[in-house]
Amino acid sequence: MRLTLIIAASVLAAAAQASEDIADKYPQSELYNKPVEVIPHVFSAIGATAPPTYENAGHNNNLSFVVTGDGVVVINGGASARLAAALHDEIKAVTDQPVKLVINENAQGHAMLGNSYWAAQGVDILAHADAIAVVEADGDFILQGMQGYNRDRAEGTEVVAANISFDDEYVIEMGDVTLHALHLGPAHDPGDVQVWIPQWDIVIAGDIAFHERMPPIFAETDTDAWIETFDGPFTALGATYVIPGHGHPTNMAQVTRYTSDYIKDLRAKIAVHIEEGGDLAGAYYVDQSQWVHLDTFEELATRNAGRVFEEMEWE
């Protein structure tokens, strides 16, 4: 209980400092933030809750790692080879154990473009089969997007797909730790992966869970299925600690409020709009004011509403 209270207090203090307006919190490194030890042996470098920029070097997601006693497991390859190298420097400052596995939480650039660095170190890379398919099909386009904002910081980055794939579950037994890489169902992005460590009651959730920034809804996102996956198998894990894809470590109550509850609220308002004969243009203006405090609200709120309208119009 005392540990839980300490973690909760530190998370609340850190969250109070979270802002998409802070360009870089760790200027001596390519990383936006220095990694912190969330619970013993589990570390995370918390990215900016903002779009990727040159100033944050594309570190706008969480780059986590687990020290197992017989090697290190890294969750997310990073947005570039240089960012991956910066994370590796931080790992070396924590432990002499080698990095033995990298897990990509999905196929987005900040999850997998750093794979080229890790592959050059001889490290195996794990991803869901659907994410690997996206990297193979769209990797060059994703790389070009990163090169556009990252300029010289993109140097040395190449598209490298994971060399190990899985569909539903991949169990990693390393040192004193058993990690479960899970694909619990459709959520935010094709091939979303959650890393569950039951012995420590912690889930490195990836982009199934948000709480400090607004969840982005993509054209291919099935929001109804996302709710089912979140409220069903994800919640059933019973995690005490949650490291989301973006934002500070937190708990299930927070990510439920700002992920599942947000999507349900938006879907309910779009449903009323449709029932009243509303069109796509009007859908952009449904009331989302209760979520205005979330980072990236201005970038995403109207876009999310339009995409949910297009999804629900023919349901």
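Novice: An account of unusual backbone geometry is needed here, citing residue identities and associated values.
Specialist: Across the chain, the bulk of peptide bonds are trans and the bulk of non-glycine residues have phi less than zero. Even without being glycine, Asp-201 reaches a positive phi, approximately 55°. Along the chain, Asp-201 falls in the loop between strand 10 (194-197) and strand 11 (202-206).

Novice: Describe in detail the side chain of Ser-64, supporting the description with residues and values.
Specialist: Residue placement: Ser-64 occurs in strand 3 (residues 63-67). Ser-64 gets classed as buried once you look at its relative accessible area, which sits at 1%. A distance of 2.8 Å separates a polar atom in the side chain of Ser-64 from a polar atom in the side chain of Ser-44. Those residues in contact with Ser-64, other than ones at most four positions away along the chain, are Phe-43, Ser-44, Val-73, Val-74, Ile-75, Ile-204 and Ile-243.

Novice: Break down the pairing of strand 6 (residues 124-128) for me, with residues and values.
Specialist: For strand 6, the tally of buried residues reaches four of five residues, placing the bulk of the element in the interior. Pairing geometry for strand 5 (residues 99-103) and strand 6, over three bridges, is parallel. Within strand 6, the position partnered with Val-102 by the bridge is Ile-125. Sheet analysis places strand 6 next to strand 7 (residues 164-166), joined by three bridges and oriented parallel. Bridge assignment links His-128 to a residue of strand 7, and that residue is Phe-166. The β-α-β motif built from strand 6, the intervening helix 5 (residues 129-150) and the parallel element strand 7 has right-handed crossover chirality.

Novice: For the side chain of Asn-62, give the residues involved together with the corresponding values.
Specialist: Within the fold, Asn-62 resides in the loop between strand 2 (42-45) and strand 3. By relative accessible area, Asn-62 is classed as buried at 3%. Non-local contacts of Asn-62, meaning those with residues more than four positions away in its chain, are made with Ser-44, Ala-45, Ile-46, Gly-47, Ile-75, Asn-76, Ile-243, Pro-244, Gly-245, His-246 and Gly-247.

Novice: Would you mind going over a negative patch on the surface in detail, with residue names and values included?
Specialist: A contiguous patch of negative charge on the surface is contributed by Asp-130, Asp-167, Asp-168 and Glu-169. Tracing the backbone shows Asp-168 in the loop between strand 7 and strand 8 (169-174).

Novice: An account of the sheet that holds strand 9 (residues 177-182) is requested, with residue identities and associated values reported.
Specialist: Two strands in a sheet stick together by hydrogen bonds in their backbones, pointing the same way (parallel) or opposite ways (antiparallel). Spatial ordering of the open sheet is given by 8-9-10-11-12, a layout of five strands whose pairing is mixed. The sheet is open, and its two borders are formed by strand 8 and strand 12 (241-244), each paired with just one other strand. If you compare each strand with its neighbour and ignore which way they point, the axes differ by 15° on average. One ladder, built from six bridges, connects strand 8 with strand 9; its direction is antiparallel. Bridged to Glu-169 within strand 9 is Leu-182.

Novice: Residues and numbers for the sheet that holds strand 2, please.
Specialist: With respect to topology, seven strands assemble into an open sheet ordered 1-2-3-4-5-6-7, the strand pairing being mixed. The strands lining the two open edges of the sheet, one partner per strand, are strand 1 (36-39) and strand 7. Across the sheet, the mean angle separating the axes of adjacent strands is 25° when strand polarity is ignored. The pairing of strand 1 with strand 2 spans three bridges and is classified as antiparallel. For Ile-39, the partnering residue across the bridge sits in strand 2 and is Val-42.

The rules behind these values
Residues numbered from 1 in each chain as written. Predicted model: local features only at pLDDT ≥ 70, side-chain atom pairs only at ≥ 80, totals over all residues. Heavy atoms only, no water. Helix = DSSP H or I, 4+ residues; strand = E, 2+ residues; numbered from the N terminus. Buried < 20%, exposed > 50% of the residue type's maximum accessible area, 1.4 Å probe, protein only. Polar contact = N/O pair within 3.5 Å; in protein donor to acceptor, adjacent residues only side chain to side chain. Contact = heavy atoms within 4.5 Å. Pairing = 2+ DSSP bridges. Right-handed = clockwise from strand over helix to strand, strands pointing away. Patch = residues over 30% accessible without salt bridge, like charges linked within 9 Å, V, L, I, M, F, W, Y side chains within 5 Å. Areas by Shrake-Rupley, 256 points an atom, 1.4 Å probe, with all protein chains shown as cover. Salt bridge = Lys/Arg side-chain N within 4 Å of Asp/Glu carboxyl O. Lys, Arg positive; Asp, Glu negative; His and termini not counted. Charge placed at Lys NZ, Arg CZ, Asp CG, Glu CD. Axes fitted to C-alpha atoms, helices over the stretch in contact; angles between N-to-C directions.

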